[in-house]
Amino acid sequence: MKFFIDTANLDQIVEAQNLGILDGVTTNPSLMAKEGITGQDNIMKHYVDICNIAKDGDISAEVISTDYEGMVREGEALANLHPNIVVKIPMIKDGVKALKYFSEKGIKTNCTLIFSAGQALLAAKAGATYVSPFIGRLDDVSTDGLALIEQIRTIYDNYMFDTEILAASVRHPMHIIECAEIGADVMTGPLSAILALLNHPLTDIGLEKFLADYAKGNK
Ligand code: G3P
């Protein structure tokens, strides 16, 4: 399972990269705004900074246009920034056409705002590299986000689609574990959810005892 971090915060990306487990970064316009990154030039520069930190990882950069021509123009500019850029495209009608365009040009894509199996099927048919079902946002409206991951896994396996399931809007460590059990190809979540995987009280108690016993015998 690939681990992506869902942030535009450079310090958090550095921390995840230094942990040695990072396979990529996902961003969106809200995450860029949260870091105070505004204006096209600053946004483009920020994507390059992220690519330089996350080294070999796939970096999702989202288009703002909602028409086909605009998405193609923006996506090409984003893809030209760095070889690791993945063009992130919303699941709308013109987005499906843009996915097909980029797929035929060999440019990686991430189809975002996926909330149903039908949307995931369309994105795969159009040749998306990744689909991003937002599991946390489904949970927020009392709908089982993980059930959607299971449904998409079944559909993609039935037809051997190459499109990777990128479980997005992950909120906590159980989301990550359950996505891994189901067989999501990738998860993207906050650094807090990734670091929470480290925690177990028995690990802390055990380590404390090992160190205390060592200290007793090595006074
Ligand atoms: O990757 C999608 C993500 O950015 C949405 O997460 O927590 O805003 O639902 P969230």
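To be clear, the structure that these remarks concern was listed above.
Residues numbered from 1 in each chain as written. Predicted model: local features only at pLDDT ≥ 70, side-chain atom pairs only at ≥ 80, totals over all residues. Heavy atoms only, no water.

1. Re unusual backbone geometry
Then comes step 1: For Ser142, which is not a glycine, the phi torsion comes out positive at approximately 60°.
Then comes step 2: With respect to the element layout, Ser142 can be found in the loop between α7 (135-140) and α8 (145-159).
Then comes step 3: The exposed category is assigned to Ser142, whose relative accessible area is 72%. (Helix = DSSP H or I, 4+ residues; strand = E, 2+ residues; numbered from the N terminus. Buried < 20%, exposed > 50% of the residue type's maximum accessible area, 1.4 Å probe, protein only.)

2. Quick notes on the site of the ligand
Then comes step 1: In the region of the ligand, the neighbouring residues are Asp6, Asn28, Leu31, Phe134, Arg137, Ala168, Ser169, Arg171 and Thr188.
Then comes step 2: Separating an oxygen atom of the ligand from a side-chain N or O atom of Asp6 is a distance of 2.6 Å.
Then comes step 3: One of the side-chain N or O atoms of Arg137 is found 2.7 Å from an oxygen atom in the ligand.
Then comes step 4: In isolation the ligand offers 300 Å² of accessible surface; the protein chains occlude 82% of this area.
Then comes step 5: Its residues assigned to classes, the shell around the ligand shows 3 nonpolar, 3 polar and 3 charged. (Near = heavy atom within 4 Å. Polar contact = N/O pair within 3.5 Å; in protein donor to acceptor, adjacent residues only side chain to side chain. Areas by Shrake-Rupley, 256 points an atom, 1.4 Å probe, with all protein chains shown as cover. Nonpolar A, V, L, I, M, F, W, Y, C, P; charged D, E, K, R; others polar.)

3. Some points on the sheet that holds strand β8 (residues 186-189)
Then comes step 1: Ordered by their spatial adjacency, 8 strands build a closed barrel running β1-β2-β3-β4-β5-β6-β7-β8, and the pairing between neighbours is parallel. Strand-to-strand twist across the sheet, computed as the mean angle between neighbouring axes with direction ignored, equals 30°.
Then comes step 2: The strands touched by helix α5 (residues 93-105) are β4 (85-90) and β5 (109-114); relative to β4, the strand with the most contacts, the crossing angle is about 155°.
Then comes step 3: In this fold α8 packs onto β5, β6 (130-133) and β7 (164-167), with an angle of close to 175° to the strand it touches most, β7. (Pairing = 2+ DSSP bridges. Axes fitted to C-alpha atoms, helices over the stretch in contact; angles between N-to-C directions. Contact = heavy atoms within 4.5 Å.)

4. Details of the packing of aromatic side chains
Then comes step 1: This structure, assessed with the given rule, holds 6 aromatic pairs.
Then comes step 2: Between the aromatic rings of Tyr101 and Phe102, the centroid separation amounts to 5.2 Å while the plane-to-plane angle is 80°, which identifies the pairing as edge-to-face.
Then comes step 3: The exposure class of Tyr101 is partly exposed, given its relative accessible area of 22%.
Then comes step 4: Arranged with centres 6.3 Å apart and planes meeting at 50°, the rings of Tyr159 and Phe161 form a pair that is tilted.
Then comes step 5: Judged by its relative accessible area of 59%, Tyr159 is exposed.
Then comes step 6: Through pairs of rings, three or more aromatic residues link up here, namely Tyr68, Tyr101 and Phe102.
Then comes step 7: Here Lys97 stacks its cationic end above the ring of Tyr68, 5.2 Å away from the centre of that ring. (Phe/Tyr/Trp six-rings, centres within 6.5 Å; stacked < 30°, edge-to-face > 60°. Lys NZ or Arg CZ within 6 Å of the ring centre and 35° of its normal.)

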